[in-house]
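Here are the chains, one letter per residue:
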Amino acid sequence: LLQLALADPRFFSHKEHPARRLLQEITDRSLAFPHTKASGFDSFMQSLLQIAGSLATADIDGQAPFVRILEELQAAWAESEQARERERQRAIEALQHAEQRHLLAAQISRELWLLPSMGKVPDAISRFLLGPWAQVMAEARLSAKPGTTAPGRYQELVEALIWSVQPELTRANTGQLARLLPKLLPKLREGLASIDYPADRTEAVFELLMQLHQQAFTPGPRVAAPATAAPAAAAPTETPAAEP
């Protein structure tokens, strides 16, 4: 700027001089940061360091370098603002989607709770179906293309799962159970992955299922499923809780 002032006296008299506009732009944007640890300050400083290096090596004999730097800086800031706006919009859409999924999962949970067969399964399995699996079904419906009749085919898995965890029924048809499991278990993992269900809870679900399925091949009365293996999901009251 000192070199420019000597080479171009209009810097002092012309308010629209590119160098003065550059200073004004930098000053105005700097006011958005209350301190150097504020969010976005590092990016702001990096943009200034880049132009400082360019100007430091330029031959300042007029306003041309400042015209170029001002245009580059404004373009970079505009791109950064657009990226922040896109990120903000994605965050808003994610929140809206989560709320929609939660409401739909609560509705699905109520529908599942009314199934006559729901009372025949261990409590841990009913809590899983009314909580995490209702979320899976809701996510599939919200993400499906218009006109899709059975998104993810997760609804039809419910009855299959309910049947498979009743050893008193599966003992009578172990062949059917053996054919079902290779289709059932991967579909369960696929569904839980679609809602980013925690890995430790997913494994707890599969450990519980393995214990129940093994009972089909063991003669004798049904053994109650261990409570400690139950996935974390609230039992339904008036409106069955759906785990987010």
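Procedures and definitions
- Residues numbered from 1 in each chain as written.
- Predicted model: local features only at pLDDT ≥ 70, side-chain atom pairs only at ≥ 80, totals over all residues.
- Heavy atoms only, no water.
- Salt bridge = Lys/Arg side-chain N within 4 Å of Asp/Glu carboxyl O.
- Helix = DSSP H or I, 4+ residues; strand = E, 2+ residues; numbered from the N terminus.
- Buried < 20%, exposed > 50% of the residue type's maximum accessible area, 1.4 Å probe, protein only.
- Phe/Tyr/Trp six-rings, centres within 6.5 Å; stacked < 30°, edge-to-face > 60°.
- Lys NZ or Arg CZ within 6 Å of the ring centre and 35° of its normal.

**Comments concerning the pattern of salt bridges**
Side chains that differ in charge, positive against negative, can pair when their charged atoms come close.
Point 1. The tally for this structure, following the rule as stated, stands at eleven salt bridges.
Point 2. Of the charged contacts in the structure, one is a salt bridge between glutamate 16 and arginine 21, with a shortest N-O distance of 4.0 Å.
Point 3. Residues arginine 101 and glutamate 139 are paired through a salt bridge, measuring 3.4 Å at the closest nitrogen-oxygen approach. Taken together, the residues arginine 101 in helix α5 (residues 64-113) and glutamate 139 in helix α6 (residues 123-143) connect sequence positions 38 residues apart. You'll find arginine 101 and glutamate 139 in the same group, each marked buried.
Point 4. Shared partners join several salt bridges into a network, and the residues in it are Glu25, Arg29 and Glu81.

**A look at the packing of aromatic side chains**
Point 1. Under the counting rule described, the total for this entry stands at seven aromatic pairs.
Point 2. Between phenylalanine 128 and tryptophan 133 the ring centres are 6.0 Å apart and the planes differ by 35 degrees, which places this aromatic pair in the tilted class.
Point 3. Note on phenylalanine 128: relative accessible area 2%, which makes it buried.
Point 4. Following the ring pairs from residue to residue traces out a cluster consisting of Phe33, Phe41, Phe44 and Trp77.
Point 5. Looking at arginine 189, its charged tip hangs above the ring of phenylalanine 206, at a distance of 4.1 Å from the centre.

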